[in-house]
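# A look at the structure
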Amino acid sequence: SYCDSAGIGRAAIKIMNAAGIVPVVANAERCCGHDALWNGDRPTFEALARANAAWIRESGAKRLVTTCAECYSMLKYEYPKVVGGWDGLEVLHMSELIEELVKGGKLRFSRPVELTVTYQDPCRLGRHSKEYDAPREVLRAIPGLRFVEMDRIRENAMCCGVGAYSNCDAATKFLQQERLEEAASKADHIVTACPHCRIHFSCYLDGKPVDPLPELKIVDLTELAAQALG
């Protein structure tokens, strides 16, 4: 199911384990609060931020890794405004960690993935956080993968159409149609680094698109990288 984002978490654990990393996984973890904040419910966001910050600090971890572009944006930029900073804790998107591990020789992709893909820049990872290169470096490191850029990329990339689950209307559908047409003109798979982008594009494809679209599959970056481990 396109709503089964648990597979992304399992892929992240597989990648980290392959590099000799055993991450802390806490039962106390809650939603990062992104959707609450962007829908104007700041009290709920701040309560979530304080609760999450408490267990993160108690864990003693020095690096905080997320597979979600929106969690990354919240933890890196919004949480410090609420909890008073991280005191040396580093926040990483999974693409940044994978890039570091591959370049450092701690992770090797040994299984070719014979696909033609293009990449969707998530709003929160791209325009908000200015991280454009790490996901692309991961894609270029996967053997057998043919990576083709869309025409509108990086700071000019189009949104997936739905921000913080706050809107899903006719305008959204036309945005999604236009972006997926652009992707399908370049590749048969579109790679995302944000579970929300994956869900919203997949939902659109499973519904009634405005116009017919060529065959196009949505793939998560972390799951794709885990597949390349063999």
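See the structure shown above.
Okay, so let's go over this structure. Quantities reported herein were computed from a predicted structural model and do not represent experimental measurements. (Residues numbered from 1 in each chain as written. Predicted model: local features only at pLDDT ≥ 70, side-chain atom pairs only at ≥ 80, totals over all residues. Heavy atoms only, no water.)

This part is about the sheet that holds strand 6 (residues 217–220). Think of a sheet as strands paired side by side through backbone hydrogen bonds, with each pair either parallel or antiparallel. Spatially, 4-3-5-6 is the arrangement adopted by the four strands of the open sheet, whose pairing is parallel. Edge positions in the sheet fall to strand 4 (146–147) and strand 6, since each of these pairs with one other strand and no more. Alignment of strand 5 (residues 189–192) against strand 6, held across four bridges, turns out to be parallel. Within strand 6, the position partnered with isoleucine 190 by the bridge is isoleucine 218. (Pairing = 2+ DSSP bridges. Helix = DSSP H or I, 4+ residues; strand = E, 2+ residues; numbered from the N terminus.)

Between the first and last C-alpha of helix 3 (residues 42–59) there are 26 Å, a value that for 18 residues agrees with the 26 Å anticipated at 1.5 Å per step. Regarding helix 3, the residues found buried are Phe45, Leu48, Ala49, Asn52, Ala53, Trp55 and Ile56. Looking at the buried positions of helix 3, the neighbouring elements they touch are helix 2 (34–38), strand 1 (63–66) and helix 4 (69–83). (Expected span 1.5 Å × (residues − 1). Buried < 20%, exposed > 50% of the residue type's maximum accessible area, 1.4 Å probe, protein only. Contact = heavy atoms within 4.5 Å.)

Once that is clear, we can look at the environment of alanine 19. In this fold, alanine 19 is placed in the loop between helix 1 (6–18) and helix 2. We classify alanine 19 as buried; its relative accessible area is 18%. Taking C-alpha positions, alanine 19 is 9.4 Å from isoleucine 98, a pair spaced 79 residues apart along the chain. Excluding residues within four positions of it along the chain, alanine 19 makes contact with Leu101, Lys106 and Leu107.

Using the criterion set out here, one finds 15 salt bridges in the structure. When the shortest N-O distance is used, the salt bridge between lysine 81 and glutamate 78 registers 3.4 Å. Within this pair, lysine 81 and its partner glutamate 78 are both found in helix 4, separated by three residues, close to a single helical turn. In this structure lysine 81 comes out as exposed when scored by relative accessible area, which is 60%. Across the pair glutamate 149 and arginine 136 runs a salt bridge, and its minimum N-O distance is 2.6 Å. (Salt bridge = Lys/Arg side-chain N within 4 Å of Asp/Glu carboxyl O.)

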